[in-house]
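Overview (structure and organization)
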Amino acid sequence: MSWILVGAADALEAEDVMRFDHGGRTFAIYRSPSDAYFATDGLCTHEQVHLADGLVMDHIIECPKHNGRFDYRTGEAKGAPVCVNLKTYPVKLEAGRIMIELDD
Amino acid sequence: MAAAAPLVIVGAGQAGGRAALTLRAEGYRGAILLLGEEPDPPYERPPLSKGFLTGERSLASFTFATTEALAEAGIDFRPGCRVLAIDRPAKQLRLADGGAIAYAKLLLATGRAARPLPGAQADEPRIFCLRTRADADQLRAALRPGARLAILGGGFIGLEVAASAMALGCAVTVIELAPALLSRCVPAPLAAILAARHQAAGVRILLGTGLQAVMATEQGLSLDLGGGRRLEADALLVGIGAVPRAELAVAAGLATDQGILVDARLQTSDPDIFAAGDVCALPDPSGNGHVRLEAWQNADRQGALAARNLLGAGLSYVELPWFWSDQYELTLQIAGWPARAARTVTRAIAADACILFHLDEQGRVLGAGGVGPAGLGRDLRLAQLMIERAARPDPAAVADPTRGLKTLLR
Ligand SMILES: Cc1cc2nc3c(=O)[nH]c(=O)nc-3n(C[C@H](O)[C@H](O)[C@H](O)COP(=O)(O)OP(=O)(O)OC[C@H]3O[C@@H](n4cnc5c(N)ncnc54)[C@H](O)[C@@H]3O)c2cc1C
Ligand code: FES
């Protein structure tokens, strides 16, 4: 496991999401309305669509394609058409920068 | 003491499958019977014309209620079981295999059937329709690279299959009687973006063209397009709409009108019988007539609501209409009630991306629709929220693609 630098914390607005690619994988990084940061796998578990194109409302990320919804804090799928949970990753802030922990 | 009669669901598609799962999720402990004519457990139909046809997705990946999950939930699922008739006085179903089943309450979720080509030879193996997994398997076998596919009907099914067949390396021609594609329920500017995308992919589109006759030859099919025009094809997909499978309801004397008439609680004219999904016609919330929706979300949500109402919840269906179509990298989504609007505001984002906002006289958003790459979905979702909240955004700001829609919602 190692901590990977994502970018500046203020590059992401509150209640928003951005894409982060690393080591051939893609992730979605979230900033909640209360300024907590989270990370999940980037692609929706329904079809392969990037969640960074989706809409963040409170603690929910809504997939842009078919409105599948996940709680991005836990990765929990919140109902049809999505039924497989998203994988989540630990996130921390260090000197104003977002770091996520990935297995090597 | 005789065991209580079960709750019975006829049709194991999106609405029926969802209803069965919901009955258990709601805590109902009694017997549930799910009767489906198809051999497969409940699956989602949208991939049939898209990823399943191209071979990218397997049936297992979009089966939302597996045989094991149904068994685990204690749902008595009977595939390959066709219901022939409803005997309402006896509260019994008659089955094609000769059996009979008693019901306490009944949900009809029989969906729709593809409208057949009038006068076509039913046994011609090169003429296809697309409604079920079995249909998709047959069509897929015909879509070999280089195969000439003719598609009758420039609607959703026809265009989705056109995109999939192009990906498989077929030569595709779409034949449409109307002067534009998708003219039945997609606004012209959005349909034009999709038409351009199909043309760029190499699909031949023949508008204002009808199919007069089909002749089977040794080489394939010879289509008579009128005015001396002919089109040779290896396969013909007929995508000219779908008709509600209301025949059980009609024969049982339930109220029907191009679909099973239900009230807002999805109850039919018999209080022990409910209907959900593509087969039913719901009172239009505006008070005029009925709406007949053919969309995944509607079937899913109505299935869930009908289950609660079978248990006596008495809830009304108030979900906003919403559907999508995926073609190439483009997504089309339409939400709300565009037809009721007084005026339309266009948010032109790019050559291949546009959203229309349909407003009433007071400027409230009643409906919205858009076409574009997947990322457009975010703005379309915000548009849906505007409809749900009866928002009255500044039309000039909505029309300006540099203004974020989220800020306009607040
Ligand atoms: C190829 C295709 C692509 C689609 N793509 C999209 C899309 O991209 N977006 C979207 O929003 N919607 C899409 N739809 C529409 C969506 O799939 C339907 O709205 C939805 O499936 C309707 O669900 P339903 O349960 O009402 O009916 P169905 O899913 O049709 O299920 C009805 C079931 O009842 C069974 N049945 C009927 N009569 C009997 C009987 N007498 N006895 C036993 N069983 C019976 C049928 O065999 C069938 O299995 C698509 C549909 C198709 C066919
Ligand atoms: S791809 Fe995300 S909900 Fe379908």
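Provided above is the structure to which this section pertains.
This section reports on the structure supplied with the text. Each chain carries its own residue numbering, running from 1 in the written order of its sequence. Chain A is the first chain written and ligand 1 is the first ligand written, with later ones labelled in order. The predicted nature of this model means local features are confined to residues of pLDDT at least 70 and side-chain atom pairs, given and counted, to a pLDDT of 80 or more, with totals for whole chains, interfaces and linings taken over all residues. Heavy atoms from the whole structure form the basis of all side-chain values; hydrogens and water molecules are not counted.

Let us now look at the packing of aromatic side chains. Centre distance within 6.5 Å is the pairing criterion for rings of Phe, Tyr and Trp, where only the six-membered ring of Trp is used; planes under 30 degrees apart are then read as stacked, over 60 as edge-to-face, and the remainder as tilted. Here the structure, examined in full by the defined rule, presents nine aromatic pairs over all chains. Geometrically, the ring pair formed by B:F52 and B:F62 is edge-to-face, given 5.6 Å between the ring centres and 80 degrees between the ring planes. Taken as a pair, B:F52 in helix α2 (residues 51–54) and B:F62 in the loop between α2 and α3 (67–72) lie far apart in primary sequence, 10 residues in all. The burial state of B:F52 is the same as that of B:F62; both residues are buried. Ring pairing ties together the aromatic residues A:F20, A:F27 and A:Y89, which thus form one cluster. Here, a charge over a ring is recorded when the distance from Lys NZ or Arg CZ to the ring centre is within 6 Å and its angle to the ring normal is within 35 degrees. Between A:K92 and the ring centre of A:W3, over which it is positioned, the NZ or CZ distance is 4.3 Å. A run of DSSP states H or I qualifies as a helix once it reaches four residues; a run of E qualifies as a strand once it reaches two. Both are numbered from the N-terminal end. Relative accessible area decides the class of each residue, using a 1.4 Å probe on protein chains only: under 20% of the type maximum gives buried, over 50% gives exposed, and in between gives partly exposed.

This part takes up unusual backbone geometry. A cis amide bond links A:A80 to the next residue, A:P81, at an omega of 5 degrees. Here A:P81 is to be found in the loop between β8 (76–77) and β9 (88–89). Unusually for a residue other than glycine, A:D35 sits at a positive phi of about 65 degrees. Within the fold, A:D35 resides in the loop between β3 (25–31) and β4 (37–41). One non-glycine residue with positive phi stands out, namely B:L266, at about 70 degrees. When you line up the elements, B:L266 lands in the loop between β18 (260–261) and β19 (273–275). Classification of B:L266 as buried rests on a relative accessible area of 0%.

So, about the site of ligand 1. Residues and elements named next belong to chain B. In the vicinity of ligand 1, 34 residues are found, and the nearest of them are E38, R45, K50, R131 and D278. Under the rule applied, a polar contact is a pair of N or O atoms within 3.5 Å (in protein, one hydrogen donor and one hydrogen acceptor; residues adjacent in sequence only if both atoms are side-chain atoms). Between ligand 1 and the protein, one listed contact pairs an oxygen atom with a backbone N or O atom of A15 at 2.8 Å. A distance of 3.1 Å separates an oxygen atom of ligand 1 from a polar side-chain atom of E37. Per-residue and other accessible areas were derived by the Shrake-Rupley procedure at a 1.4 Å probe size, with only the shown protein chains allowed to occlude residues. Summarising the interface, the protein chains cover 96% of the accessible area of ligand 1, which totals 1,000 Å² for the free molecule. Elements supplying a minimum of two residues to the shell around ligand 1: α1 (14–25), α5 (156–167), α8 (296–310) and β22 (322–327). We define proximity as follows: a residue is near a molecule or strand when any one of its heavy atoms falls within 4 Å of that partner.

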